[in-house]
Amino acid sequence: MSKPSRRRRAPVALRVNPLVFVTSSILAASAAHAADQPASPAPSGALEEVIVTAQKHAENLQSVPISIQAIDSKKLADLQVTSFDGYAKFLPSLSVQSFGPGSAQLYIRGVTNGGDGLHVGSQPLVGVYVDEMPVTTIGSNLDVHIYDMARVEALSGPQGTLYGASSMAGTLRLITNKPSTTGFEAGYDLTANTYTGHGAGGKIEGFVNIPLSDHAAVRLVAFTEHDGGYISNVLGPPETYPTSGIVRSNAGLTKKDFNPVQTSGGRAALKVDFADHWTITPTVMAQNQRADGAFAFAPAIGDLSIAQYSPDTNTDNWWNAALTIEGKIADFDVIYAGGITTRNIHSRADYSGYSYFYDQAYAAGSYPTYFGDNFRDNAGNLISPAEYTVSSNNYKKYSHELRFSTPKDWKVHGVLGLFLQRQYNYARDEYHVDGLADVYSITNLPGVLYLNSQRRTDRDKAIFTDWTWDATDKLAITGGIREFKFDNTVYGFFGYGPNPTYSNPSAPHASSEALCPANTFTTSTIWPCVNIDSRAADTGETHRLNATYKFTPDQMIYATWSTGFRPGGVNRVRSRPPYQPDYLTNVEAGWKTEWFDRRLRFNGALFHELWKAAQFAVIGQNGITEITNAGRSRIDGIEADVTWRVTDAFTLTASGTSLRAKLIDAACNIATSDYSCNTPTGNHPLAPAGNRLPVSAKLNGNLIARYEFKANDFDVHLQGALVAKSGVIPALTVTDDQAIGNQPGYASLDIAAGVKHGNWETELYVQNLTDNRGQGIRYTECAPGVCSLVYVVPIAPRLVGLTFGQKF
């Protein structure tokens, strides 16, 4: 039978008339110019300025009326940051769920659902950018190696005006160092480290900046890193599958510290100045990462120990090519930024725990729809039902943005931009059972019990504008709007094979192949037929209003109202209704201040966020994750950071966030307009009104103390960095939360001591000095009511390292 063709989508024009009218009116009113006030010189001993580009142009952090947590290049080096985990722990408004390298889900300000990461599921809540290019991917975020970076910026709250793609809760930006024509520069860093009592590692990193002429320069970066393992695969207890009597064993697979990681990559950027005011900067980045083993342990088995019954490995390879063109047309700044990101992930993972616990439930009669004693080979003999997964996830993302900006010294100044993005994602998960009979396998895929094979395409268009009126030399009013259109499609297959049979005929299995449309079976190994062909498309807009008042050049307050939006979609299970878009409204009041001759910096914000129709993931029949809308949630909080240069030698830095994030309405298994959970038949509450939102801690903060002094001709530094957070709940659903157990709070201390002389520097550091077993995430391999073994992904254990580097 021929495979059904995809339906062609008619293009839909983007509505732009309101923005064109507003922009034209603003430009007409901008004939008057206002001269900038000269900045006062920095007094001796003042804190260094932090330059950010959060509002699409470079400016002092203290002048930006947005809640931003920024880590500049010096601080990244001081804190030995080389990976996502390294900087994430020093951004207290950022919450993370991660099962290992390259698998992080990001949340900001407690807008968390604890269930992102599905390829057919909700879009991410936090947008991730490298320089000007969005690199957010469905499923998990890029784990970009941090070296030769200018800074990391975390923007809290909806950023849907200037950053539309997946920025409902906030935006994370990684800013690289750019080529410079000012002179030759180069450097390298060597590191050796070991997890005490566990695996050893190290890294080699280097960069070079070469001016090619007065108008051109190239910057090259390369690195390779090996992280030692610290989780051990130990011999599991003898366990028997009750329906077959077969004993599962992992003998021959045991290994100490079986989760090492190897990461290599680089970056090349060329900067060319041409004409009078034009610059072109092409950049290419690439990274290859291989992670073996698992990054969770089972407390019931032992500390940092797990029993895996099949090899685990994950390779994550990606590259990004970007082009930025900057110039001027008359008085207007013009920037084009575009590029492509390609990412390929291939993994194999043990899934035998799922088989073991569901087999037990089947034998006990509590799960009659499981295969049970029908795990047989072609000769009819019983076989082990142990499963393992083989997965491939291939991404390709294109984006283009064109912006026009007025001069900053106009009394009314702003930006107008166009944005276009398209992302393709082919996700394939094969659930293998070795020796499984062909009759029980997916058509044309012997031994594959269950298959996910879907192609997802997300299309985004937007026009945006953001304008500021300098009403006086102290008061500024800003307004922005973004009009967007999305058109997202999913096409493919998920389900079991076509011929399941059961000893209990009254409980037939819901075979997805059997649910495929008539005459749609194919001989393809991509999918035996198509039972998912869905589309979510709509238009909408997001907004921002801001008022800023400067008492002095060093003290400012601001108030912001902003909105965010995330598209809806469809569930894989046909019996589940589609999930609807969700919306976030943010109201905040903040301050940016410097005191005592700019030796003390104190910034912060109070915020209230209302999350409507929040999308949450719940575990449904057969452990299949489904998306539902949970009604309204409310998040109230405060975030603040302080930097104090106590003396010229001693600096203290502290930052923290306090959250109160709760459901206003009950979360129902099937969303209803009144959230009573009474209808339709079978509906029930997952969590009551007032229940706490998962994943984010009520309190999260850090304290860094650094002392720098001279010893003869040597520059010496001593540093301590403390990170602490309160406990969190791992899941929204009350029964799941109770079965998995809450994650307790923890504190972790890093220390470092270093010496610098001339062009070289060396440092000895210890991360997680007390070897605290802080819990990053808790989970079970399948529905918590069925799978009783709980796994914990810990923060990394104590790491001792020595670095040496030179700069020329």
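As the structure is a computational prediction, the values presented were derived from the model and not from experiment.

## Describing the overall build of the protein chain
Next up, step 1: A count of helical and extended segments in the protein chain gives five helices and 41 strands.
Next up, step 2: Relative to its full complement of 808 residues, the protein chain shows a buried share of 56%.
Next up, step 3: Within the protein chain, contacts between residues at least 6 apart in sequence are counted, and of these 70% link residues at least 24 apart.
Next up, step 4: Just so you have it, the protein chain exposes about 32200 Å², and 59% of that area is on carbon and sulfur atoms.

## Side note on the sheet that holds strand 3 (residues 68–72)
Next up, step 1: Taken in spatial order, the five strands line up as 3-8-9-6-7 in an open sheet, and their pairing is mixed. Only two strands of the sheet have a single neighbouring strand rather than two, namely strand 3 and strand 7 (133–134).
Next up, step 2: As defined by bridge partners, strand 3 adjoins strand 8 (residues 149–156) across five bridges and the pair is classed as antiparallel. Residue pairing for strand 8: Ile-71 is matched across the bridge by Val-152.

## Thoughts on helix 4 (residues 352–363)
Next up, step 1: For helix 4, which comprises 12 residues, the first-to-last C-alpha distance of 16 Å matches the rise-based estimate of 16 Å (1.5 Å per residue) to within 8%.
Next up, step 2: The element helix 4 is extensively covered by neighbouring structure, given that 10 of its 12 residues are classed as buried.
Next up, step 3: Every buried residue of helix 4 is accounted for by Ser-352, Gly-353, Tyr-354, Ser-355, Tyr-356, Phe-357, Tyr-358, Asp-359, Ala-361 and Tyr-362.
Next up, step 4: Residues of helix 4 that are buried make contact with strand 14 (239–240), strand 15 (247–248), strand 20 (332–350) and strand 24 (475–496).
Next up, step 5: Note on helix 4: the residue one or two positions beyond its end, Gly-365, has a positive phi of about 85°.

## Quick look at unusual backbone geometry
Next up, step 1: Of note, the phi angle at Gln-80 is positive, near 55°, even though the residue is not glycine.
Next up, step 2: The residue Gln-80 is located in the loop between helix 2 (73–78) and helix 3 (84–88) in this model.
Next up, step 3: For Gln-80, a relative accessible area of 16% gives the class buried.
Next up, step 4: Located in the positive-phi region is Asp-148, a residue other than glycine, with phi close to 55°.
Next up, step 5: With respect to the element layout, Asp-148 can be found in the loop between strand 7 and strand 8.
Next up, step 6: For Asp-148, a relative accessible area of 11% translates into the label buried.

## Re the pattern of salt bridges
Next up, step 1: Within the structure shown, the criterion is met by 36 salt bridges.
Next up, step 2: Across the pair Arg-632 and Asp-665 runs a salt bridge whose closest N-O atoms are separated by 2.8 Å. Residue Arg-632 is located in the loop between strand 30 (625–629) and strand 31 (633–645), and its partner Asp-665 is located in the loop between strand 32 (650–663) and strand 33 (667–668); the two are separated by 33 residues in the primary sequence.
Next up, step 3: Taken together, the shared-partner salt bridges connect Lys-56, Glu-132, Glu-401 and Arg-403 into one network.

## What to know about the state of the cysteines
Each disulfide is one covalent bond, formed between the sulfur atoms of two cysteines.
Next up, step 1: One pass over the structure, following the stated rule, counts two disulfides.
Next up, step 2: One disulfide bridge connects Cys-782 with Cys-787, the sulfur atoms lying 1.6 Å from each other. Across the disulfide from Cys-782 to Cys-787, rotation about the S-S bond amounts to roughly 105°, and the bridge is consequently right-handed. The same class applies to Cys-782 and to Cys-787, which are both buried.

## Section: the packing of aromatic side chains
Next up, step 1: Taken as a whole, this structure holds 26 aromatic pairs when the rule is applied.
Next up, step 2: Both rings, one in Tyr-398 and one in Tyr-424, keep their centres 6.3 Å apart while their planes meet at 90°; by these two values the pair is edge-to-face. With a gap of 26 residues between them, Tyr-398 in strand 21 (residues 388–405) and Tyr-424 in strand 22 (residues 412–432) connect regions that are remote in the sequence.
Next up, step 3: When the ring of Phe-486 is compared with that of Phe-565, the centres are 5.9 Å apart and the planes differ by 40°; the resulting orientation is tilted. With Phe-486 in strand 24 and Phe-565 in strand 26 (residues 555–566), this residue pair connects regions lying 79 residues apart in the sequence. The residues Phe-486 and Phe-565 share a single accessibility class, namely buried.
Next up, step 4: In this structure an aromatic cluster arises from ring pairing among Tyr-351, Tyr-354, Tyr-358, Tyr-431, Tyr-450 and Tyr-496.

## Observations concerning the pairing of strand 16 (residues 261–274)
Next up, step 1: Pairing analysis gives 12 bridges linking strand 12 (residues 216–227) to strand 16, with the strands arranged antiparallel. Note on strand 16: the bridge partner recorded for Ala-217 is Lys-271.
Next up, step 2: In sequence, strand 16 turns back onto strand 17 (residues 278–292) through a hairpin of three residues, with Ala-275 there showing a positive phi of about 55°.

## Here's the deal with the environment of Asp-131
Next up, step 1: Mapping Asp-131 onto the fold places it in the loop between strand 6 (126–130) and strand 7.
Next up, step 2: Aside from chain neighbours lying at most four places away, what touches Asp-131 is Arg-173, Leu-174, Ile-175, Thr-176 and Lys-178.
Next up, step 3: For Asp-131, the side chain forms a polar contact with the side chain of Thr-176, separated by 2.8 Å.

## Considering a nonpolar patch on the surface
Next up, step 1: A cluster of nonpolar side chains, Trp-469, Leu-475, Ile-477, Tyr-549, Phe-551 and Ile-557, forms an exposed patch at the surface whose accessible area comes to about 510 Å².
Next up, step 2: Listed by contribution, the elements that provide at least two residues to the nonpolar patch are strand 24 and strand 25 (532–552).
Next up, step 3: Summarising the element assignment, Ile-477 is placed in strand 24.

## Here we look at the pairing of strand 6
Next up, step 1: Strand 6 sits mainly inside the fold: five of its five residues count as buried.
Next up, step 2: What you see with strand 6 is no split at all: Val-126, Val-128 and Val-130 on one side and Gly-127 and Tyr-129 on the other are buried throughout.
Next up, step 3: Alignment of strand 6 against strand 9 (residues 170–176), held across five bridges, turns out to be parallel. If you follow Gly-127 over to strand 9, its bridge partner there is Thr-171.
Next up, step 4: Alignment of strand 6 against strand 7, held across two bridges, turns out to be antiparallel.

## Side note on the environment of Trp-319
Next up, step 1: Relative to the helices and strands, Trp-319 resides in strand 19 (residues 313–329).
Next up, step 2: Its relative accessible area of 38% is what places Trp-319 among the partly exposed residues.
Next up, step 3: Contact partners of Trp-319, with chain neighbours within four places excluded, come to Met-285, Ala-286, Ile-340, Thr-341 and Thr-342.

## Let's talk about the confidence of the model for the protein chain
Next up, step 1: Of the residues in the protein chain, 89% reach a pLDDT of 70 or more, and the chain-wide mean stands at 87.
Next up, step 2: Long-range and interchain partners of residues 1–39, a stretch whose pLDDT sits below 50, account for 55 contacts in this model, where long-range means more than four residues apart.
Next up, step 3: Scored below 50 in pLDDT, residues 500–510 makes 25 contacts in the model with residues more than four places away or belonging to other chains.

## A short note on the side chain of Thr-136
Next up, step 1: For Thr-136, the location among the structural elements is in the loop between strand 7 and strand 8.
Next up, step 2: Residue classification places Thr-136 among the buried residues on the basis of a relative accessible area of 3%.
Next up, step 3: A distance of 2.8 Å separates the side chain of Thr-136 from the backbone nitrogen of Val-128, its partner in a polar contact.

Criteria and thresholds
Residues numbered from 1 in each chain as written. Predicted model: local features only at pLDDT ≥ 70, side-chain atom pairs only at ≥ 80, totals over all residues. Heavy atoms only, no water. Helix = DSSP H or I, 4+ residues; strand = E, 2+ residues; numbered from the N terminus. Buried < 20%, exposed > 50% of the residue type's maximum accessible area, 1.4 Å probe, protein only. Contact = heavy atoms within 4.5 Å. Areas by Shrake-Rupley, 256 points an atom, 1.4 Å probe, with all protein chains shown as cover. Pairing = 2+ DSSP bridges. Expected span 1.5 Å × (residues − 1). Salt bridge = Lys/Arg side-chain N within 4 Å of Asp/Glu carboxyl O. Disulfide = S-S within 2.5 Å. Phe/Tyr/Trp six-rings, centres within 6.5 Å; stacked < 30°, edge-to-face > 60°. Polar contact = N/O pair within 3.5 Å; in protein donor to acceptor, adjacent residues only side chain to side chain. Patch = residues over 30% accessible without salt bridge, like charges linked within 9 Å, V, L, I, M, F, W, Y side chains within 5 Å. pLDDT = per-residue confidence, 0-100.

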